[in-house]
Amino acid sequence: MLRLRILLRSESLRYLAKTILTLLIDVAGIVAGTILTLSWGILSPIKWSIALYPAILTIRGVVNGIFCGRVSTGLHLGLIRPSLREITWEFKLLTGAIVVFALACSIFMVIQALSFSLLLWGVSIIEIPRMILVVLSTMFFSLIVISPITFTIAVTSYKVGLDPDMVTYPTMSTIADILVTLLYILVLYVSNLDRIIITSASIVFIVLSLILLLKYREEEEFTRTIGESLIALIVVSVVTGLTGTFLLDISLVCRNPLVISAYPALIDMSGDVGSIVGSIITTRLALGILTPSLHSIKSQWRSMLLTWLSSMIVYILSPIIVLPILGLGLRLYIQSLPVIVLTNILTIPIVITISILIAVLTYGKGFDPDNFVNPIESSLADMITSLMLLMSIQILT
């Protein structure tokens, strides 16, 4: 019995260490926050660009979240080979579906942005064509840059004996946030000078998606991936508008540059916590290790608790990185800690619960949970973290 307890303890410590190391990658999300803070002069005159920023991050996260989940599970099941020299038909269908789905996401985002911009953001009608081109071109450029990196990280982790479920999405969500933030700022900057580049990129994106749609439209797996992903997108598209509204409110009530800089990292970590829990459960459901029942899922309580503890540690540590970059003092960090800790306490239990429910319910209904868990939980995590951060600021300051 004593040996068993020691074993459990050591296994728990190993899991805690692996999760902390995985989430520590999210600290790099501070880079995205730093880019956002340093580029505030470009964003602030364009009111809709601030509110649209979380939507761009979230929707791009939806697309890559599905890609991460499908590649990770595909590697475990042997449907995807860990080499570009052995591209399977399933992988071709997946990449084609992801491109088409990314365009669908862009269209949904435009519709959502138009609705919120006219109702809540106070955007002039003259700015609407520019907004549409910014959305389409940012999504297109991010698709070209991020998808190859995602596949490389999934395959590399699989080859070295790591679990792609624990590595791929958490790693890529951070890298993607940095790259998407940079691309978004560059696209906004270019849109101030000349719109030929972003107009051309938008046209190429639309034409490529239509070609792939016509090529694979008869393939059941292709249409199923898009169809199930669109269901998730409908939920996400509403959520992203609320997230943008909350960020706009945060920018109005918060004068703390450390909190603004940490914002992308915080929403990133919250989503990654849900992704780790959700991806582990979906893979174990697919392998038959777990059943879609409350009793079976309860057996994973230890890993859920340790994942939460890991997130709290990284939540506290991550803002330290930005202090020397922005020339901020330790006193501001100490003042910011209560807001950051309260945000974690309010956010993470909800995110974990949502991830479990999505995985169990979708699997039980016969859907592929990988098409739902990452996109829905990550977008809800962004919104919940933004709301809880806003509440924490209002409560404590």
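Here the structure is a predicted model, which is why all the values come from computation and not from measurement.

Calculation notes
- Residues numbered from 1 in each chain as written.
- Predicted model: local features only at pLDDT ≥ 70, side-chain atom pairs only at ≥ 80, totals over all residues.
- Heavy atoms only, no water.
- Helix = DSSP H or I, 4+ residues; strand = E, 2+ residues; numbered from the N terminus.
- Contact = heavy atoms within 4.5 Å.
- Areas by Shrake-Rupley, 256 points an atom, 1.4 Å probe, with all protein chains shown as cover.
- Buried < 20%, exposed > 50% of the residue type's maximum accessible area, 1.4 Å probe, protein only.
- Phe/Tyr/Trp six-rings, centres within 6.5 Å; stacked < 30°, edge-to-face > 60°.
- Expected span 1.5 Å × (residues − 1).
- Arc of directions from axis to C-beta.
- Bend = angle between axes of the 7 residues up to and from the residue.
- Salt bridge = Lys/Arg side-chain N within 4 Å of Asp/Glu carboxyl O.
- Patch = residues over 30% accessible without salt bridge, like charges linked within 9 Å, V, L, I, M, F, W, Y side chains within 5 Å.
- Axes fitted to C-alpha atoms, helices over the stretch in contact; angles between N-to-C directions.
- Parallel < 35°, antiparallel > 145°, perpendicular 65-115°, else oblique.
- Left-handed = near helix turned anticlockwise from the far one by under 90°.
- Core = buried A, V, L, I, M, F, W, Y, C linked by side-chain atoms within 4.5 Å.
- Polar contact = N/O pair within 3.5 Å; in protein donor to acceptor, adjacent residues only side chain to side chain.
- pLDDT = per-residue confidence, 0-100.

Caption draft 1: Spatial organisation of the overall build of the protein. Across its full length, the protein holds 15 helices and zero strands. Of the contacts formed within the protein by residues at least 6 apart in sequence, a portion of 84% connects residues at least 24 apart. Working note: accessible area of the protein is about 16600 Å², and carbon and sulfur atoms make up 71% of it.

Caption draft 2: Fine view of the environment of Leu323. Structurally, Leu323 can be placed in helix 13 (residues 322-326). Given a relative accessible area of 8%, Leu323 falls into the buried group. Each C-alpha atom, one on Leu323 and one on Tyr333, is 7.8 Å from the other, the two residues being 10 residues apart in sequence. Excluding residues within four positions of it along the chain, Leu323 makes contact with Leu258, Leu328, Gly329, Leu330 and Tyr333.

Caption draft 3: Spatial organisation of the packing of aromatic side chains. Overall, the coordinates contain seven aromatic pairs when judged by the stated rule. With a centroid separation of 6.0 Å and 45 degrees between ring planes, the pair formed by Phe140 and Phe141 is classed as tilted. With a relative accessible area of 9%, Phe140 lands in the buried category. Phe141 sits in the partly exposed class, given a relative accessible area of 26%. Of the aromatic side chains, those joined through ring pairs into one cluster are Phe67, Phe91 and Phe151.

Caption draft 4: Inspection of helix 8 (residues 196-216) at higher detail. Taking 1.5 Å of rise per residue, the 21 residues of helix 8 would be expected to cover 30 Å, and the 31 Å separating its terminal C-alpha atoms lies within 8% of that figure. Those residues of helix 8 that sit buried are Ile198, Ala201, Ser202, Phe205, Ser209, Leu212 and Tyr216. One side of helix 8 holds all its buried residues, which, seen down the axis, span an arc of 100 degrees. Along helix 8, the residues that are exposed and aim more than 90 degrees away from the buried face are Ile196, Ile211, Leu214 and Lys215.

Caption draft 5: Representation of helix 14 (residues 330-364). Its 35 residues place the ends of helix 14 49 Å apart at the C-alpha level, agreeing with the 51 Å of an ideal helix rising 1.5 Å per residue. The sharpest bend along helix 14 measures roughly 35 degrees and falls at Ser336, with the proline Pro338 sitting one to four residues further on. Gly366 sits one or two residues past helix 14 and shows a positive phi near 90 degrees.

Caption draft 6: View of the pattern of salt bridges. Counting across every chain of the model gives two salt bridges. Notably, a salt bridge pairs Arg70 with Glu221, separated by 2.5 Å at the nearest N-O pair. Pair noted here: Arg70 is in helix 4 (residues 47-77) and Glu221 is in helix 9 (residues 220-253), with a separation of 151 residues, a long-range link. Across the pair Glu218 and Arg217 runs a salt bridge whose closest N-O atoms are separated by 3.8 Å. A relative accessible area of 67% places Glu218 in the exposed class.

Caption draft 7: Geometry of a nonpolar patch on the surface. Nonpolar side chains collect at one region of the surface, where Leu21, Leu24, Leu309, Ile313, Leu317 and Ile320 lie side by side and expose about 480 Å² of accessible area between them. In terms of residue count, the dominant contributor to the nonpolar patch is helix 12 (residues 301-317) (three residues). Note that Ile320 resides in the loop between helix 12 and helix 13.

Caption draft 8: The packing of helix 10 (residues 257-287) against helix 15 (residues 373-396), seen in detail. Following both chains from N to C, one finds helix 10 and helix 15 inclined at 140 degrees, their axes separated by 8 Å at the closest point. Accordingly, the angle class assigned to the pair helix 10 and helix 15 is oblique. The interaxial crossing formed by helix 10 with helix 15 has right-handed handedness. Touching Val259, Tyr263, Leu266, Ile267, Ser270, Gly271, Gly274, Ser275, Gly278, Ser279 and Thr282 of helix 10 are Val373, Asn374, Glu377, Ser378, Ala381, Asp382, Thr385, Ser386, Leu389 and Ile393, all from helix 15.

Caption draft 9: Region of interest: the nonpolar core. Within the largest apolar cluster, 117 residues are counted, with the highest numbers of intra-cluster contacts made by Leu52, Val71, Phe205 and Ile281. Beyond its immediate stretch of four places on either side in the chain, Ile281 contacts Leu290, Ile297, Met304, Ile356 and Ala359.

Caption draft 10: Broad picture of the side chain of Arg70. A residue is classified by how much of its surface remains accessible, and Arg70, at 13% relative accessible area, is buried. In this structure the side chain of Arg70 is engaged in a polar contact, spanning 2.5 Å, whose partner is the side chain of Glu221. In contact with Arg70, not counting residues within four places along its chain, are Ile80, Leu94, Glu221, Thr225, Asp368, Asp370 and Asn371.

Caption draft 11: Main features of the environment of Tyr263. Mapping Tyr263 onto the fold places it in helix 10. A C-alpha to C-alpha distance of 7.9 Å links Tyr263 and Ile30, two positions 233 residues apart in sequence.

Caption draft 12: Just the environment of Ile334, in detail. Here Ile334 lies in helix 14. Spatially, the C-alpha atoms of Ile334 and Ile320 are 9.8 Å apart, while their sequence positions differ by 14 residues.

Caption draft 13: The confidence of the model for the protein, seen in detail. For the protein, per-residue confidence averages 80 on the pLDDT scale, and residues scoring 70 or more make up 88% of the total. Across the protein, helix 8 holds the top mean pLDDT of 93, while helix 1 (residues 2-24) sits lowest at 64.

Caption draft 14: Molecular detail of the packing of helix 12 against helix 14. Contact geometry of helix 12 with helix 14 gives a least axis separation of 9 Å together with a crossing angle of 155 degrees. As the angle between them shows, helix 12 and helix 14 are arranged roughly antiparallel. Where helix 12 crosses over helix 14, the handedness of that crossing is right-handed. Facing Met304, Trp308, Ser311, Met312, Tyr315 and Ile316 of helix 12, the residues of helix 14 in contact are Tyr333, Leu337, Ile340, Val341, Thr343, Asn344, Ile345, Ile348, Pro349, Ile352 and Ile356.

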